[in-house]
Amino acid sequence: MVTLSEVLADLREESESLDRLVSALDDRDWSRPTPAKGWTVAHQIAHLHWTDTVATLAATDPAAFVERMSAVEDPFTMVDRAAADNIAPPPELLRRWRDGREALAEALSTRPKDEKLPWFGTAMSPLSSATGRMMETWAHGQDVAETFPERADAQAHRRPTDRLRHVANIGYRTIGHSFLSHGRAAPRQPFRVELSTVDGALWTFGPEDAPNRIAGPAEDFCLLVTQRRHPADLALQATGDEAREWTTLAQAFAGPPGDKREPRSADKREPKESQQ
């Protein structure tokens, strides 16, 4: 079983990889639009800083976190407004993000492992909180890297690593949440997820005889659950009615349903059904 220290170490590596990329950008690059509608590179880093800050608050002062979130007028626009409000000149924004992620790592590492920390619509252990931050850092890093197809360092940042196992894990664990967040009933049957990695490994989740099955590249699964790709653009196989429905609902993050990406491919079919 993965430990909190392992997730925090991988989160640090993921953050530092993205940090190296954005630190090399000039001020004009920070203003370039990313694949996330309405968000520049600065919005992406401002969002990571804001989320790290509120996660730290949840770990250090749960009552203050609940009070702060209760005062939010419109939860559907909160994330966009917070990203815009936290934008600053690149050197200042970088400093805030670096300080904030260090404060979060320290806060999570000092909490009892079984403590439940408040979050958006649920409560999470320190391990789950760190895994969520890993997932978001990778996802927003994808948006930043895809903004610069001409840069070798950006393409290097996009290469899959073993750190994706944390994103895949939270993607599997939030299958039921994906249905509920879209106003659907929770799936009646269990899911089996089988993911292949670039180095030939196989990551598996769920019972072997589950009637709902998802199979394909680990990176594609992670792109789907973070809503960075439309299912038609991914090499995932879905078997079972609930599995096929899930591919249209997948959402590893808390809160309201996100704005899903449009298909990039000319072929806009849903993921094909496995013949197994």
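Predicted, not measured: the structure shown is a model, and the values here were computed from it. (Residues numbered from 1 in each chain as written. Predicted model: local features only at pLDDT ≥ 70, side-chain atom pairs only at ≥ 80, totals over all residues. Heavy atoms only, no water.)

Enquirer: Just give me the short version of the packing of aromatic side chains, but keep the residues and values in it.
Expert: Across all of its chains, the model carries seven aromatic pairs by this definition. When the ring of Phe65 is compared with that of Phe120, the centres are 5.8 Å apart and the planes differ by 70°; the resulting orientation is edge-to-face. Pair noted here: Phe65 is in helix H4 (residues 62–70) and Phe120 is in the loop between strand S1 (117–118) and strand S2 (123–124), with a separation of 55 residues, a long-range link. Through a chain of ring-to-ring contacts, three or more aromatic side chains come together here, namely Trp50, Phe65, Trp119 and Phe120. Positioned over the ring face of Trp97 is Arg101, at 4.3 Å from the centre of the ring. (Phe/Tyr/Trp six-rings, centres within 6.5 Å; stacked < 30°, edge-to-face > 60°. Helix = DSSP H or I, 4+ residues; strand = E, 2+ residues; numbered from the N terminus. Lys NZ or Arg CZ within 6 Å of the ring centre and 35° of its normal.)

Enquirer: Please provide a residue-by-residue account of the nonpolar core, values included.
Expert: Judged by nonpolar contacts, the single largest core of 54 residues is most densely connected at Phe221 and Trp246. Of all hydrophobic cores here, the second largest spans 18 residues; its members include Leu21, Leu93, Leu94 and Phe148. (Core = buried A, V, L, I, M, F, W, Y, C linked by side-chain atoms within 4.5 Å. Buried < 20%, exposed > 50% of the residue type's maximum accessible area, 1.4 Å probe, protein only.)

Enquirer: Please give an account of the packing of helix H3 (residues 41–60) against helix H6 (residues 90–109) that cites residues and values.
Expert: For the pair H3 and H6, the least separation of the axes is 9 Å and the interaxial angle reads 30°. By the angle class used here, H3 and H6 are roughly parallel. Relative to H6, the crossing made by H3 is left-handed. Where H3 abuts H6, its residues Ala42, Ile45, Ala46, Leu48, His49, Asp52, Ala55, Thr56, Ala59 and Thr60 lie against Leu93, Arg96, Trp97, Gly100, Arg101, Ala103, Leu104, Ala107 and Leu108. (Axes fitted to C-alpha atoms, helices over the stretch in contact; angles between N-to-C directions. Parallel < 35°, antiparallel > 145°, perpendicular 65-115°, else oblique. Left-handed = near helix turned anticlockwise from the far one by under 90°. Contact = heavy atoms within 4.5 Å.)

Enquirer: Please provide a residue-by-residue account of the sheet that holds strand S3 (residues 191–196), values included.
Expert: Within the open sheet, the four strands sit side by side as S4-S3-S5-S6. Their pairing is mixed. Edge positions in the sheet fall to strand S4 (202–205) and strand S6 (237–239), since each has one partner strand and no second. Each adjacent strand pair in this sheet contributes to an overall mean axis angle of 10°, direction not counted. Pairing of S3 with strand S5 (residues 212–217), which is carried by six bridges, proceeds in the parallel orientation. Within S5, the position partnered with Ser196 by the bridge is Pro217. Sitting on the sheet, helix H9 (residues 164–173) touches S3 and S4, and the angle it makes with S4 is about 25°. Together, S3, S4 and S5 form the strand contacts of helix H11 (residues 218–225), whose direction differs from that of S5 by roughly 115°. (Pairing = 2+ DSSP bridges.)

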